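# Close look at the chain arrangement
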Amino acid sequence: MCTYLTEKFALDGSGKGAGGYFTLTDAMVYVDHPQHAPHEHTVNIDFLNPSQGPSSRVAVELTEESALALIDAIRSALAAAPPGLTSTAPARTAA
């Protein structure tokens, strides 16, 4: 069953499409029927930059298990990196 609920948020990053890398400004996450994955429903993630047109989009369709594994992997990778390493804000130092 589709939820028709879409989580939209701004982000700061880059994605690679057919024309090469482009700046990402937005993302959407939703559960729906996939366009390509061979499953009835998937967790769909769209990374995009609407100001650059429809070709500036990277779409991902994941099973629930794969989406949860991705979340865990991202958390593990960030936990293993020094604090602030991947942030645009200056790293905080202990006082």
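In this report, the structure presented in the accompanying data block is examined. (Residues numbered from 1 in each chain as written. Predicted model: local features only at pLDDT ≥ 70, side-chain atom pairs only at ≥ 80, totals over all residues. Heavy atoms only, no water.)

Quick look at the pairing of strand E3 (residues 42–48) now. Across the seven residues of E3, six count as buried, placing the element largely inside the fold. Here strand E2 (residues 20–32) pairs with E3 via seven bridges, running antiparallel. Within E3, the position partnered with Met28 by the bridge is Asp46. Pairing analysis gives six bridges linking E3 to strand E4 (residues 57–62), with the strands arranged antiparallel. Bridged to Ile45 within E4 is Val60. (Buried < 20%, exposed > 50% of the residue type's maximum accessible area, 1.4 Å probe, protein only. Helix = DSSP H or I, 4+ residues; strand = E, 2+ residues; numbered from the N terminus. Pairing = 2+ DSSP bridges.)

It is the rolling of a water-molecule-sized probe over the atoms that shows where space remains empty. Considering only enclosed or pocket space, the largest pocket measures out at about 540 Å³ in volume. In terms of lining, the largest pocket is formed by 16 residues, of which the most central are Ile45, Phe47, Leu70, Ile71 and Ile74. Put simply, the parts of the chain that give the lining of the largest pocket at least two residues each are E2, E3 and helix H1 (64–80). The residue makeup of the lining of the largest pocket, split by class, is twelve nonpolar, three polar and one charged. (1 Å grid on protein atoms, 1.4 Å probe; cavity = no way out; pocket = protein on both sides within 12 Å on 5 of 7 lines; lining within 4 Å. Points joined across faces, edges and corners; volume = space filled by probe spheres on them. Nonpolar A, V, L, I, M, F, W, Y, C, P; charged D, E, K, R; others polar.)

Time to look at the environment of Ala10. Among the secondary structure elements, Ala10 is positioned in strand E1 (residues 6–17). Looking at Ala10, the relative accessible area reads 66%, which means it is exposed. Leave out the neighbours within four places in its chain, and Ala10 touches Thr25 and Asp26. (Contact = heavy atoms within 4.5 Å.)

Among the structural elements, Thr42 can be located in strand E3. At a separation of 2.6 Å, a polar atom in the side chain of Thr42 contacts the side chain of Asn44. Setting aside residues up to four positions removed in sequence, Thr42 forms contacts with Tyr30, Val31, Asp32, Pro34, Ala37, Glu61 and Leu62. (Polar contact = N/O pair within 3.5 Å; in protein donor to acceptor, adjacent residues only side chain to side chain.)

Moving on: the environment of Gly13. Looking at the element boundaries, Gly13 is found in strand E1. Sequence-distant contacts of Gly13, that is, excluding residues within four places in its chain, are made with Phe22, Thr23 and Leu24.

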